[in-house]
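Architecture and fold: a report
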Amino acid sequence: MSKRTLDAFFSTASKRTKPASSQNDPPTAPSKHETYPFPIASLPANLQLALNETPAGKARVMNDRPDLDCLYFQPYIPRGTANELFRFLRAEIPFYRVVYFAKRGGVDVQINTPRYTTVFGVDESAFFAEAPSVDSENGEGYAAATPTAKTAKPGEEKSTNSQPKHSEKTSYKSQNTHDSEKEYKTNNLRLYNKKDNTPIQPGKYGHSPRPIPACLHTLKKSIEIATKTTYNFVLVNYYTNGNDSIAFHSDDERFLGHEPSIASLSLGAEREFLLKHKPQPAPWNPATVEKTKQSPTDMIKLLLGSGDMILMRGSTQSNWLHSIPKRKGKVPVGGRINITFRRAVVPAGTDNYYHYNVGSGGVWRWDAVKGEMVEIASRKDEDKGKG
Ligand SMILES: O=C(O)CCC(=O)C(=O)O
Ligand SMILES: [Fe+2]
């Protein structure tokens, strides 16, 4: 990448005005939910506090190549904090090694995803809210679910009246309306249709959507402020070593809507991130080539270190491909986590993300003693057509 590109533009991403947590907040409880294979710890107080210092550096605008529009935070999270966050998330989050079949030249081919993945969230057509509970005084209407209120048990069949209603007695909090981390709890969250607030029916989704656990929710909030964008999906990749990778692709599916903004955070080992323009017929616009002294086919190579973040936005996804290539060499490459924050607008997005990032195989978890991922359980039969 040229010096000109590197120095081209700077934007002053302002630091947050409202802290994500204060020093006096008690450590929050682990996030639990019927769709999680195990409770997921919340961020330790020191990491929550450190997130108040984000973004750690100014974002650089990368838009001097045709159709490219990215913000590059180098870093978004200070390196030391980012490494601690890497170790925390690797230890606390359930991962999957997804195998799926795809047509290649008309033939079904088995694809082994070359990295661990996991995903949380639901598309815009639905939302998570605390399960409503029956008002004990008159037996009708619904009260806001609180930790002490009587709430429907997870998985309990809905009664005839179990829809949240728009009345004074009805109050339920959408996952996105919590304004303090202390209030953010996944335990009693259930899924509703945005259109009419009715509970999601079994079969709407091929795989039960999972609420974003508190630790990733905190991170999401921080990144939403910095990027002035809201997200409803958090996808996590874990690259064990230089052998794990992601092939050239673009995140331009229709379920993300027009010109999606995707924030991509790197934690742990440094890896190369390659960007190349989608194939386009020559001759290229001579004016553009003259301006940039680069042909649109020239590759951009960024070294993403721990804490760095790229926001890909505007026309980027529809025109550029990106990848993390395998890294060979004598020096072993350590583990790396990548977290992307996205916004899916229709159920097809939810189905796609759970299919390719959770799938149906076993659950993997980091084993600190062995220093490797271990398969902790073949999946409990949690997902056959449940909402
Ligand atoms: O690991 C990365 O930096 C990129 C991940 C990515 O492109 C994706 O998950 O779509
Ligand atoms: Fe991607």
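An account of the accompanying structure is given in this report. (Residues numbered from 1 in each chain as written. Chains lettered and ligands numbered in written order. Predicted model: local features only at pLDDT ≥ 70, side-chain atom pairs only at ≥ 80, totals over all residues. Heavy atoms only, no water.)

Moving on: the coordination of the iron ion (ligand 2). Around the iron ion (ligand 2), the protein supplies His 249 (NE2), Asp 251 (OD) and His 322 (NE2) as donor atoms, at distances of 2.1 to 2.2 Å. Written as a sequence motif, the donor arrangement for the iron ion (ligand 2) is H-x1-D-x70-H. Here Asp 251 is found in the loop between strand S12 (246-249) and strand S13 (262-268), whereas its partner His 322 is found in strand S17 (residues 320-324), with 71 residues between them in sequence. On the accessibility criterion, Asp 251 (7% relative accessible area) is buried. (Donors = N, O, S within 2.8 Å, 3.2 Å for Na, K, Ca; no water. Helix = DSSP H or I, 4+ residues; strand = E, 2+ residues; numbered from the N terminus. Buried < 20%, exposed > 50% of the residue type's maximum accessible area, 1.4 Å probe, protein only.)

Before going further, it helps to examine the site of ligand 1. Surrounding ligand 1, one finds Asn 237, Tyr 239, Ile 246, His 249, Asp 251, Ser 264, His 322, Ile 324, Arg 336, Asn 338 and Arg 342. With respect to ligand 1, the side chain of His 249 contributes an N or O atom lying 3.0 Å from an oxygen atom. Across the complex, the protein chains shield 96% of the 300 Å² of accessible surface that ligand 1 would expose by itself. Broken down by secondary-structure element, the contributors of at least two residues to the shell around ligand 1 are strand S11 (233-239), S12, S17 and strand S18 (336-342). Ranked by the residues each element gives to the shell around ligand 1, the list is headed by S18, at 3 residues. A per-class count over the shell around ligand 1 returns 3 nonpolar, 5 polar and 3 charged. (Near = heavy atom within 4 Å. Polar contact = N/O pair within 3.5 Å; in protein donor to acceptor, adjacent residues only side chain to side chain. Areas by Shrake-Rupley, 256 points an atom, 1.4 Å probe, with all protein chains shown as cover. Nonpolar A, V, L, I, M, F, W, Y, C, P; charged D, E, K, R; others polar.)

A cis amide bond links Thr 54 to the next residue, Pro 55, at an omega of -5 degrees. Along the chain, Pro 55 falls in the loop between helix H2 (45-50) and strand S2 (59-62). Between Gln 74 and Pro 75 the backbone carries a cis peptide bond, its omega angle lying at 0 degrees. Examined against the element boundaries, Pro 75 turns out to sit in the loop between strand S3 (70-73) and helix H3 (79-92). For Asp 67, which is not glycine, the phi torsion reads 65 degrees and is therefore positive. Take Asp 67: it is sitting in the loop between S2 and S3. A positive phi angle, close to 55 degrees, is found at Lys 228, a residue other than glycine. With respect to the helices, strands and loops of the structure, Lys 228 is situated in the loop between helix H4 (214-227) and S11. Lys 228 gets classed as exposed once you look at its relative accessible area, which sits at 72%.

None of this, on its own, says anything about what the molecule does.
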